[in-house]
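# Secondary and tertiary structure notes
Letter by letter, the chains look like this.
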Amino acid sequence: MTSFILNEQLVRTEEHPGMVVLEFVRDVKCLSGTKEACREGECGACTVLVGSRQPDGSVAYKACASCLLPLGDVDGCHVVTVEGLSGADLTLVQQLIVEHSASQCGFCTPGIVLSLTAFALGDKKLSYEGAVNALDGNICRCTGYVAIRNAARALCESLARIDAAPAKRLGEIVSAGIVPAYFKEIPARLAQLKAEPAATGKDAVLVAGGTDLFVQKPEQLMESELCFLSKRSDLDYVTADWNFLRVGGAVTIEEFRLSEPVRKYFPALEGDFLLHSSAILRNKATLAGNIVNASPIGDATIILLALDARLVITGAGSQREVPLAKFYLGYKKTDLACGELVSEIVIPLLPKGARYHFEKVSNRATLDIAAVNSAVRVTTAPDGVITDLRLSAGGVGAVPLLLNLDSFKGRKVDAATIEALAKAAESEAKPIDDIRGSAAYKKLLLGQLVCAHFTRAAAAGEAV
Amino acid sequence: MKNEDMLMHVRGTSRFIDDIPAPEGCLHAVLFTSPVARGKIKSLDVSKASAAPGVAAVYTHKDVPGLNQVGHIMKDQPLLAVDSVEYIGQPIALVVAESLRAARRALKLIAADIEPLEAVFSPREAAAKGLIHGKRRERVTGDLAGAFAKCKYVAQGRLASGPQEHFYFETQRALAVPGEHDTIKVHASAQSPGAFHHHLAEVLGIPMHKVELDIRRLGGGFGGKESTAVWITAPAMAAFLLKRPVKLALERNEDIATTGKRHAYEYDYKLGLDAEGKILAYEIDLYQHAGACADISPAVLGRSFLHVSGSYRIPNMRVSGVSCRTNIPPNNAFRGFGVPQGTFAIEAALTHAAELMGVTPEDLKRRNLLRDGDTLPYGVKLEGVNAGRCWETLEKTSGLAARRAAVSAYNKEHADTKKGLGVVPVCFGISFAQTALNQASALVNIYVDGSVAVSTGAVEMGQGVNAKIRIVAARTLGIPLHWVRVDTTNTSRIPNASPTSASTGADLNGMATKYACEKLRARLLEFAARHLSCDDPAGVSICDGAVCVGEKGPVMNWEKLAAAAQWARVDLSEHAFYATPNLHYNMETEQGRPFAYYSYGASLTEVKLDCVRGTYTVEAVEVVQDVGESLSAEIDLGQIQGAVVQGMGWATMEQIRYAPDGRVLTGVSGYKVPDIKFVPAKFEVTLLKDSSNPYAVCNSKAIGEPPLVHGIGAYLALVDALRSVRKDKPIPPLPVTPERAFMYLHAPEEGK
């Protein structure tokens, strides 16, 4: 039984927890405002809000792609579709979209309304830049976005005087006409809901966000027992001690990106992970899930390889640690046995004298999978001599690569060394021709990105 | 004046096909399609699929009740393959089941034994083998050899432009509901009511009066729903045979893999200039990558053929074009309909020529811009040319000369990043190049409560045509907008309608609406004069929803007038017809007057290229567009912004990759269209002042397609930046993806 509040209504359903919310709201609840246009989280037409109860009793809302959002993941939550926003009057976001003519054919519009609403509900600064980031997963094929940007700008101006103090915020948001008044009742109503505990069956498929899983095999998941890691609050943490950053296996990319420890110890990651995927996916996808998905081109994996991350793998009554560099055994093959899960990711804080830098090139600059990506953690002595070097590369092999560059230890970082590094990287790369680019391109590009690691990171003084 | 549908779009209450509540007992249909690019069907076994749980029927070509044919221009496209297949994705069988899941499961149970035959994927190879649709077209004007002999500069080479997926958000889909007496009603996401109505009747083997096609709106069309009868006739056939409602909707990746795209083209060009940079001669050969069936390709080629001279005066010219029959899904209409491809070649050739001359491309373009009195290669003597005015306005608003100087200075100072500019003038002929299609009708009904319903053949797909028609009706009748509603596009109300395409939706249907409303207005004025016993009938008028007599204020409101007229047995319904006058074209001589008028524009695009990574940002787009006396500046602005960004997508990031066997490899996760962050921070649109147009409704100008051509500016600006680094390679093809830019800069030789 899955229980949640859909708009104003309490829903208790026996539908399979692997049914995606998009299908549930359209086909079971006949709410056709949520549109299906790609079913892969690539377009944003099916965006809904998911409000989940926080430890302090408040409800935090995130925009999510409902085509990749299983019912089991919204158990105990408040799900808002476009039908749950407006009564007789349009909400402020809706009014501004109309005012700025930011809708043409209208198929993407409900998703845009919800992404902007999520921004207004949840963004702390309410800056125009934040509004654009909130819309980075909402594709529109008609308007050319100019009018959408104008509506977003007007929204930020309208909300400039909102009191963002958490206690007052929801009331202010309701008064500003962003969401209807019934939202005020939701925290109390959610407190009454009893969510099911996570399934513990031996054969249960682990869903750690599911934004890849539900693209790859949605039909199979409809017939499997599913264990939703979103229910494992014990795995929802990002902490730092003297030596390590520790990330629980249920932490989403967005939580990780914006967490205090990451901002403090790895400030560059906030921007680097913005390139990982769109807001509506980052709100659901988890760091651990992304690692286990084992894409040879995953941004998170490439970054964590360079940062020398280790995985804590928990099985039935056992626990072991595996360096990420040893986790990938072949194309999409990992050192994870049935019944095990990645319960924690351990990232060493940067050693003294170390710099980190990430490079990614994709066909579209944002919300696209890389042709090649690469990260570096280089440690130098005060005299500029390399004492440690970890350089990763994606898109150039069957698994995410950590290049073997031990021979560069002891060399000074200068033009000759950088050129030699680029050549060494190119020679280790074994890319293939695919939709992300030709093999020749990826090989040459990796060389350029390796150069950029040193020239750009050095020039910009991006020591982190 | 806005598109009133927006009020529903923001609430999610506007209904697309899949939002119509499924009728009781609705079945779901999916197509079994060819996995082979070309082959002979040796056997086809659907028995297991037919017996699968939940399956209502599996149909093959033998089950088609009428004509197994959905070819748009030529009858060369079977609805379901008979004994051979010509492309991967060609429909072979239709599975109909109680649920979509059951239908998809049954698909896997169909066994087809297809013997593969040699397939062709290169348009040039197809042309060399004589595999073309229709005839090769050629026109020679002036003295080509003599003109080239006089040229000081000759730019010559090969070019290519890539395909473009429409990526309309609502994929191809239809819902068919059988009625009594072998009738059928079909709701479809479709741009061609008349043609699809005809296809439906032919496939079902029943007269057209038994078929009703109803279209409320499209979740995007962009031309991609103009000639795509397969996905409308297939569910209709199932509904007709099973006597149950049937729905068919393509999944996104099916839509990308099996439906047509904007045609890729290859080109051979030779452009000759005199010492002053005046174009003397141009030769251009077009190889259109059409795909396995003619579809609408010959018409697209025809439009490219008519637009190869762009916005320029070219006294001596030879143009040829072939529609190449290759084994990919048949390509079709896409916003611009061949004009972007035709214009691209001359724009790229001028970039090449400017390099030879050592001047900036914009300098060269300015010298050759069309003006009044010039004659186009197909014999039209131009008047009312706004090419120069658009260009001059752009020069002023953008500070073009200073921008060029700034880019040059920037490039001198920077090695790792380079800037580039692209200036594109647009001259876009308006009318269907196929003269017969330039007709429309409107049905206007006034009810006794004063409300007015307008039906036309125009299809609303977000472009705001219904809003424009509403404006025309309200303005002509003299009543406030709220009285007027534009009804669905329905073949029972408006028969034989031309497609909503070629930017003519508002021009043609707006004019028909105007005619119908003028007749009603005249009738009502005559009645009002009689009813009010006016001495001077000419002094009676209807303004703002009220009847006025002479200088006196309102004497009778609109709803009273309607009720009184009806009671007095005055006909309150009117049908009117419009055919664009003075259009003709002779395909033998390749001469004529195919267009009623031309839409002009000019734009500047500025890019910044990262030479290390091959990536780039479009920093600015500034557009001047001639919209005549706009019916709605807000709608036109939205059309311009959307078209320009779509054109920029075509010129930069949108690409389809095929496997060696012809399979489309690119799915939704790989096909990238512009997102919100791609659009330049500086995006300015100026509507040309003091432009009027006697050839279209209320002196407006068409707006749907012309601005898409500005997207070529992104290509030109990128080439400008790339060429500032090196010129030892040929000009790259369009699109300039980051991969192409990178390889242009870093690979030893192009393509290696």
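Residues numbered from 1 in each chain as written. Chains lettered and ligands numbered in written order. Predicted model: local features only at pLDDT ≥ 70, side-chain atom pairs only at ≥ 80, totals over all residues.

## A look at the overall build of chain B
Under the convention used in this document: Secondary structure elements follow DSSP: runs of H or I no shorter than four residues count as helices, runs of E no shorter than two count as strands, and numbering proceeds from the N terminus. Here the C-beta atoms are placed from the backbone, and a residue counts as buried if at least 20 other C-beta atoms lie within 10 Å of its own, exposed if 12 or fewer do, and partly exposed otherwise. What counts as a contact here is a pair of residues whose C-beta atoms, placed from the backbone, lie within 7 Å.
A tally of regular secondary structure across chain B gives 19 helices and 29 strands. If you line up chain B on its principal axes, its C-alpha atoms span 80 × 80 × 50 Å. The buried share of chain B, reckoned over its 752 residues, is 60%. Intrachain contacts of chain B at a sequence separation of at least 6 include 79% that bridge at least 24 residues.

## Thoughts on the sheet that holds strand E17 (residues 439-446) of chain B
Residue and element names in this part refer to chain B. Heads up, the rule is: For two strands to pair, DSSP has to find at least two bridges joining them. Axis lines are fitted through C-alpha atoms, for helices just across the contact stretch, and the angle between N-to-C directions can take any value from 0 to 180 degrees.
Taking strand neighbours across the sheet as the criterion, the 4 strands line up as E19-E18-E17-E24 in an open arrangement whose pairing is mixed. The open sheet terminates on both sides in strands that have one partner only, identified here as strand E19 (484-486) and strand E24 (573-579). Taking each pair of neighbouring strands and ignoring which way they run, the sheet shows an average axis angle of 20 degrees. Against the sheet, helix H14 (residues 465-477) makes contact with E17, strand E18 (452-456) and E19, and its axis sits at roughly 145 degrees relative to E19, the strand it touches most. Along the sheet, helix H15 (residues 505-531) makes contact with E17, E18 and E24, crossing E17 at roughly 40 degrees.

## Topic: the domain arrangement of chain A
All names here are of chain A. Filter applied, for reference: Domain limits in this description derive from either an automatic procedure or a database domain assignment. Under the scheme applied, nonpolar residues are Ala, Val, Leu, Ile, Met, Phe, Trp, Tyr, Cys and Pro; charged residues are Asp, Glu, Lys and Arg; polar residues are all the others, including Gly.
If you check the domain split of chain A, you get domain 1 (2-192) and domain 2 (233-459). Just the C-alpha atoms count here: the centres of domain 1 and domain 2 sit 32 Å apart. The interface of domain 1 with domain 2 comprises 14 residues on the first partner and 9 residues on the second. With 4 residues, strand E4 (residues 59-65) is the single largest residue contributor to the side of domain 1 that touches domain 2. Each residue belonging to the side of domain 1 that touches domain 2 can be placed in one class, and the counts come to 6 nonpolar, 6 polar and 2 charged.

## So, the domain arrangement of chain B
All names here are of chain B. Looking at chain B, the domain boundaries give domain 1 (6-118 + 167-258), domain 2 (265-433 + 587-746) and domain 3 (439-579). For domain 1 and domain 3, the distance between their C-alpha centroids amounts to 37 Å. With 17 residues of domain 1 in contact, the opposing surface of domain 3 contributes 16 residues. Listing elements by their share of the side of domain 1 that touches domain 3, those giving two or more residues are helix H6 (193-204) and strand E11 (211-215). For the side of domain 1 that touches domain 3, the class distribution of residues is 5 nonpolar, 7 polar and 5 charged.

## A word on the confidence of the model for chain B
Put simply, the test is: Known as pLDDT, the predictor's confidence for each residue is given on a scale from 0 to 100.
Summarising the model, chain B shows a mean pLDDT of 97, and 100% of its residues fall at 70 or more. Scored as a whole, the predicted complex attains pTM 0.97, and scored at its interfaces, ipTM 0.97.

## Focus on the nonpolar core
This is how it is decided: Each nonpolar core reported here comprises buried Ala, Val, Leu, Ile, Met, Phe, Trp, Tyr and Cys residues connected via C-beta atoms within 7 Å.
Of all hydrophobic cores here, the largest spans 401 residues; its most connected members are Leu116 and Leu155 of chain A together with Ala29, Leu94, Val95, Ala236 and Leu718 of chain B. Broken down by element, the residue count for this core peaks at 12 residues, all from H15 of chain B.

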